[in-house]
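# Architecture at a glance
For reference, the chains in residue letters:
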Amino acid sequence: MAWKPGLNLAALRARFKPEADITVYNGFPVSGDVDVEPGDRIYLIRRGEIPDADEMRRVMIARHSPDVYDAVHARTVGIAGAGGLGSAVAIALARLFVGRLIIADFDVVEPSNLNRQQYFVNQVGMPKVEALRSNLEKINPYIRIDTVEERVNGHNIARIFKDCDVLAECFDDPEAKSELVEVALSRLTAPIVAVSGIAGYSDIGKVVCRQPMNRLYVIGDGESAACAGHGLMAPKVGVAAHLQANKILELLLERAR
Amino acid sequence: MTVQLNGDTLTVASDATVTTLLEHLNVKQQRVVVELNRRIIAKSDYADTALTDGDALEIIQFVPGG
């Protein structure tokens, strides 16, 4: 439809999708009628309708900008561990439209995980990678999710994560964290975003991102260890996971420049 | 002799290795990642990696939680 002065959203809605209940105009929902300009991005939505891949892509481009979409949609991010950190990192990256996630974990969902991990009570007993895939597909069915139900160790790290542009270390066990980071820094070329020191609830402002080595970023306060009486809880673990996801986004954007 | 550890100057014994340094710092080998002069040292090489005057080390320690 050719643009002409005075063309507004109501006219476009009547012409293309009269049943639409929601109009997203340049990334934001609008209620009133607005005159449109050449180059504007308009998305007409009917409540409850699942957008197809192309609609989803367009709406994400409108929300995030073409630069962000271009930087992430053809990239692969590895997530080692699908617990409190990994499940939240995966959800944030799926919402960003990172094109491919490789998620590795050997564990099943347990009731105690529900205090901070992004699973549902009816998923108790399921392998975490399977439960997480199902949850991610409900958020964004248009990205590729590769799951690996294995315990990640020094021998399989390079094989599982060789295609990754960035690797997120999302383990709980400090020895597993150390082994992953050591081997990944030695044998892969991707930057690694790891976590250390996120237990409890106090001093959340000390949870920061540092870059101690060329390809290594570490999020946390470096000292708040999980132990009896000082447990892991949703708010602080969620902050750390989202700092991880944000650093991953920054790295993908830097790479695209 | 002295080395740079995480940006700070530290005096160590002339026969120090990565293993003796970690013992001195009271940190567990299995929970750290060690970079010596911008090269990652594998845990299996800690005992045989002698430090020399002026070495630059980064040591990251991981604590439980995730």
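This text gives an overview of the structure that appears in the document. (Residues numbered from 1 in each chain as written. Chains lettered and ligands numbered in written order. Predicted model: local features only at pLDDT ≥ 70, side-chain atom pairs only at ≥ 80, totals over all residues. Heavy atoms only, no water.)

Our focus in this paragraph is the overall build of chain B. Along the backbone of chain B there are one helix and five strands. Radius of gyration (C-alpha) of chain B: 11 Å, near the 11 Å computed for a compact globule of 66 residues. Buried residues in chain B amount to 47% of all 66 residues. A separation of at least 24 residues holds for 55% of the contacts in chain B among residues at least 6 apart in sequence. Side chains of chain B carry 5 positive and 9 negative charges; the gap between the two charge centres is 11 Å. (Helix = DSSP H or I, 4+ residues; strand = E, 2+ residues; numbered from the N terminus. Rg over C-alpha atoms; globule rule 2.2 N^0.38 Å. Buried < 20%, exposed > 50% of the residue type's maximum accessible area, 1.4 Å probe, protein only. Contact = heavy atoms within 4.5 Å. Lys, Arg positive; Asp, Glu negative; His and termini not counted. Charge placed at Lys NZ, Arg CZ, Asp CG, Glu CD.)

A few words on helix α7 (residues 174-187) of chain A. Here α7(A) spans 20 Å end to end across 14 residues, near enough to the 20 Å set by a 1.5 Å rise per residue. Within α7(A), ten of the 14 residues are buried, which leaves it mostly tucked inside the rest of the structure. (Expected span 1.5 Å × (residues − 1).)

To continue, consider unusual backbone geometry. The phi torsion at A:Asp203 lies on the positive side, around 55 degrees, for a residue other than glycine. Position of A:Asp203 among the secondary structure elements: in the loop between β8 (192-195) and β9 (208-213). Given the relative accessible area of 46%, A:Asp203 is considered partly exposed. Located in the positive-phi region is B:Asn37, a residue other than glycine, with phi close to 50 degrees. By the element assignment, B:Asn37 lies in the loop between β3 (32-36) and β4 (39-41). Residue B:Asn37 is classed as partly exposed on the basis of its relative accessible area of 43%.

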